[in-house]
Amino acid sequence: MRTSLVGLLAGIVLSAAASAPALAQSTLDKIKARGQIVCGTSEGVPGFSLQDGNGAWKGFDTDICRALAAAIFNDPDKASYLSLSSKNRLVALQSGEIDVLARTTTWTLGRDVGQGLTFTAVNYYDGQGFILRKKLNVASVKDLNGASICVAQGTTTELNLADYGRTHGIKFETVAFATLEDTVQAYEAGRCDAYTTDLSALAGTRSRLKAPDEHILLGEVISKEPLGPWVRKNDQAWFDIVRWTVFALVNAEELGVTQANLAEMLNSKNPEIRRLLGAEGRFGEGLGLSNDWVARIIKAVGNYGESFERNFGAKSGINLPRGVNKLWTDGGLQFAPPIR
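About the criteria used
Residues numbered from 1 in each chain as written. Predicted model: local features only at pLDDT ≥ 70, side-chain atom pairs only at ≥ 80, totals over all residues. Heavy atoms only, no water. Buried < 20%, exposed > 50% of the residue type's maximum accessible area, 1.4 Å probe, protein only. Helix = DSSP H or I, 4+ residues; strand = E, 2+ residues; numbered from the N terminus. Pairing = 2+ DSSP bridges. Polar contact = N/O pair within 3.5 Å; in protein donor to acceptor, adjacent residues only side chain to side chain. Contact = heavy atoms within 4.5 Å. Salt bridge = Lys/Arg side-chain N within 4 Å of Asp/Glu carboxyl O.

Trainee: Help me understand the pairing of strand β11 (residues 194-198) in this model?
Mentor: Looking along a regular strand, one sees the side chains alternate between the two faces of the sheet. With five of its five residues buried, β11 lies for the most part within the structure. In this sheet, β11 lies alongside strand β9 (residues 148-152) in parallel orientation, the contact comprising two bridges. What sits directly across from Ile-149, in β11, is Ala-194.

Trainee: When you look at the side chain of Ser-223 in this model, what are you seeing that I'm missing?
Mentor: Relative to the elements of secondary structure, Ser-223 occurs in the loop between β12 (215-217) and β13 (225-227). Within the structure, Ser-223 has its side chain in polar contact with the backbone nitrogen of Gln-128 (distance 3.2 Å).

Trainee: How should I be thinking about the environment of Asp-63 in this particular structure?
Mentor: Along the chain, Asp-63 turns up in helix α3 (residues 60-73). Taking C-alpha positions, Asp-63 is 9.7 Å from Phe-308, a pair spaced 245 residues apart along the chain. Among residues more than four places away in sequence, those in contact with Asp-63 are Val-301, Ser-307, Arg-310 and Asn-311. Engagement of the side chain of Asp-63 in a polar contact is seen with the side chain of Arg-310, the distance being 2.7 Å.

Trainee: Looking at this model, I keep getting lost on the pattern of salt bridges. Mind explaining?
Mentor: Where side chains of opposite charge bring their charged atoms close, a pairing between them can arise. Overall, the coordinates contain nine salt bridges when judged by the stated rule. Its salt-bridge partner being Arg-34, residue Asp-99 comes within 2.7 Å of it at the nearest N-O pair. Note that Asp-99 is positioned in the loop between α4 (89-94) and β5 (100-101) and Arg-34 in helix α2 (residues 27-34), a separation of 65 residues in sequence. On the accessibility criterion, Arg-34 (39% relative accessible area) is partly exposed. A salt bridge links Arg-66 to Asp-77, with the nearest nitrogen and oxygen atoms 2.9 Å apart. Here Arg-66 is found in helix α3, whereas its partner Asp-77 is found in the loop between α3 and β4 (79-83), with eleven residues between them in sequence. For Arg-66, a relative accessible area of 22% corresponds to the partly exposed category.

Purely spatial values, then, with no claim about function.
Printed below as a string of structure tokens:
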């Protein structure tokens with residue numbers, strides 16, 4: 001009996017040992033084995049993530065994916081993108097279809113607790129607004145009482161609209177659509193009086209309408225929408241990599257490190273810059289990356305300000321002001337912990 005019990009215990013130990021590597025495989029290990037990172041992206045939000053004429057994804061959120069690929073592989077193109085609707089974006093992350101959700105997705109308590117997901121860092125502070133035709137002569141959201149409002153399903157936008165109506169005693173006729181494209185097309189076709197979503201997305205949408213000058217954005221903001229990348233819970237190492245990639249972009253702008261002066265900055269005597277770029281310390285190794293991981297990122301996508309200007313600035317056609325997304329040193333909210 002004792003011999004059988006010992007044998008049984010030994011078998012259990014051996015079985016557990018054999019399965020341990022598979023169970024312990026981290027997201028970073030899977031990405032390295034695959035040879036690329038898989039990013040969840042939008043269905044097409046101007047400025048944030050949109051395919052160009054050649055089918056390549058470009059945008060502010062896309063730059064996060066490119067930065068991660070550069071940090072891991074020293075190649076920003078080692079990233080693939082899965083287009084996701086608002087309804088299926090979180091499920092795709094939960095199921096492991098994607099490694100990171102770098103898509104306009106608001107940080108809320110309900111999403112951050114109990115769904116097996118966690119928010120990493122705010123890369124864009126936004127708020128919900130409204131776009132409508134000038135000919136309606138509407139100056140305030142409260143003037144939209146009884147109006148039909150286009151909104152995408154499965155979003156905080158839909159919930160915020162209902163909350164605002166209840167709070168202010170306004171009745172909206174909500175017209176919800178499954179996809180972002182359907183929502184925008186319905187608004188442009190006149191199926192609703194106004195369209196509501198994040199102000200940044202509205203600015204991009206307006207620039208793509210057939211007659212942009214016929215539409216206005218109301219100046220009111222009815223919600224807080226902190227946006228940024230999401231990962232699955234229970235993988236602290238991967239969470240740290242994604243979070244500190246966002247922080248690295250912000251720190252680089254604050255320290256004046258750009259794509260253009262990167263080579264020069266690598267020889268800087270400033271200890272903060274030297275730590276950032278890996279000339280001092282072994283902070284990259286602590287993340288499971290090379291010590292020059294931030295230098296790789298800046299070479300690939302530039303700093304936070306460069307990415308913002310490229311995707312939202314005057315030359316982008318969107319011409320979105322930095323607003324609260326300025327650095328804290330300029331009176332904004334963008335503030336990153338130091339690398340030290």
